[in-house]
Number of protein chains: 2
Amino acid sequence: MKLTRKSAAPRDGAPTLDRIDRAILRHLQQDASISNVSLAAKVKLSAPACLRRVERLKESGLIRGVVALLDARALGAGMLVVIGFVLDRSTPETFAAFEKAAQKVSGCIECHVVTGEFDYFMLVRTRDNDSFNRLHAEQLLYLPGVRQVRSFIVLKEILSTHALPL
Amino acid sequence: MKLTRKSAAPRDGAPTLDRIDRAILRHLQQDASISNVSLAAKVKLSAPACLRRVERLKESGLIRGVVALLDARALGAGMLVVIGFVLDRSTPETFAAFEKAAQKVSGCIECHVVTGEFDYFMLVRTRDNDSFNRLHAEQLLYLPGVRQVRSFIVLKEILSTHALPL
DNA sequence: CTTGAAATACTACTACG
DNA sequence: CGTAGTAGTATTTCAAG
């Protein structure tokens, strides 16, 4: 099977995307509840052609999934906290144990290994001060191999998106 | 308009959700590309009844939107960096200026005011070391009112979700 | 006020040019 | 890639709980 579609700046590894593919991704990234026909109209393509591209983008893994974004506050998870961790010792076992346990922390939405003065950063959603205090005392402090836990409570969410530049 | 549907643990402010609503949200949060009929089957409801609930959840704002999640690496944004900022002075004007400028940083996906030793945390997606170095030198260091910029490069993304517990 | 059944309109999807 | 046709879905209407 030969690919005929070309991009202006072909980078390797990634499937080659033309202007229309990028337009499709740009739209779906912001609203994927739109029907295929109106998406096709937006990118000036016939419906089947548009659908074929969307399916190809899904199969290629470029579209990882389609999800509903919920209102955290309405669901009693209006408080966001950034947490930095320093581990006792930097051994593979220590890291593995921490990572396994970290994924089970209630409301943990992100967890990353980082360079610098912390070993891990975690983002946790919880209800309020009380619930975070409980989480802190009952879960965070008991994560294996932790020497230091530093919490940065989010006072205001300036920007929160998932949209990548295209 | 009065709501009659009741939940076991009614909290105020949030619209009251019953077991079925939560099941719907739980499913859509993980896969919103599913058709309404199969969603209805999963939550053991007729298609129209299910659709009505979904629409209500959208109108109430509880479902903020439906979006496609893209593969960052395939799109040349495989590098994630957590950045902490300390501002020169803590005045309303300083903060406002920073926030306005921060939203324009290329690849900035999150930005929050936090308590503690930093004033802001920002999450940025970029391509690689080179592109981040450029971003750092050309944009981050020029953000208004910044005294200190501390970057934590993400070496490994352990967990990254948007799903809230229901 | 919510539900399910039937009917309609629209959309996704397939085959073909 | 587009056109035309088919299959299935979303959406409305309505009667009932």
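The rules behind each value
- Residues numbered from 1 in each chain as written.
- Chains lettered and ligands numbered in written order.
- Predicted model: local features only at pLDDT ≥ 70, side-chain atom pairs only at ≥ 80, totals over all residues.
- Heavy atoms only, no water.
- Least-squares fit on C-alpha atoms with pLDDT ≥ 70 in both.
- Contact = heavy atoms within 4.5 Å.
- Salt bridge = Lys/Arg side-chain N within 4 Å of Asp/Glu carboxyl O.
- Helix = DSSP H or I, 4+ residues; strand = E, 2+ residues; numbered from the N terminus.
- Core = buried A, V, L, I, M, F, W, Y, C linked by side-chain atoms within 4.5 Å.
- Buried < 20%, exposed > 50% of the residue type's maximum accessible area, 1.4 Å probe, protein only.
- Buried area = accessible area lost by both parts, 1.4 Å probe.
- Nonpolar A, V, L, I, M, F, W, Y, C, P; charged D, E, K, R; others polar.

Peer 1: Residue-level account of the relation of the copies chain A and chain B, with values.
Peer 2: Here chain A sits on chain B after a turn of 180° about the axis and a move of 0.0 Å along it, with an RMSD of 0.1 Å. Taken together, the rotation and translation describe the operation of a two-fold axis. Taking C-alpha positions as the reference, the residue of chain A nearest the rotation axis is V67(A), at 2.9 Å. Both copies contact each other with a shared surface, as 100% of the interface residues of chain A are interface residues in chain B too.

Peer 1: Break down the pattern of salt bridges for me, with residues and values.
Peer 2: Counted by the stated rule, this structure contains 10 salt bridges over all chains. One salt bridge connects R150(A) with E117(B), and the closest N-O pair in it is separated by 2.9 Å. You can see R150(A) sitting in strand β5 (residues 146-160) and its partner E117(B) sitting in the loop between β3 (108-114) and β4 (120-126), one on each of two chains. In this structure, a network of salt bridges that share partners links the residues D18(A), D21(A) and R53(A).

Peer 1: Describe the nonpolar core, listing the residues and the values that go with them.
Peer 2: One finds L28(A) and L28(B) to be the most contacted residues of the largest nonpolar core, which totals 46 residues. Every element with two or more residues in this core is listed here: α1 (19-30), α2 (36-42), α3 (47-59) and β1 (63-70) of chain A together with α1 (19-30), α2 (36-42), α3 (47-59) and β1 (63-70) of chain B. The contact partners of L28(A), leaving out residues within four places of it in the chain, are I34(A), L39(A), V54(A), I63(A), V67(B) and A68(B).

Peer 1: Now, about the interface of chain A and chain B: what can you tell me, with residues and values included?
Peer 2: With 62 residues of chain A in contact, the opposing surface of chain B contributes 62 residues. Of the roughly 5800 Å² buried at the junction of chain A and chain B (both faces included), carbon and sulfur atoms supply 65%. Contact with chain B buries surface across chain A, with V67(A), L70(A) and L159(A) losing the most and accounting together for 11% of the total. In this assembly, chain A and chain B are joined by 4 salt bridges. One salt bridge in this structure joins E99(B) and K156(A), with 3.1 Å as the shortest N-O distance. Considered class by class, the residues forming the side of chain A that touches chain B number 35 nonpolar, 14 polar and 13 charged.

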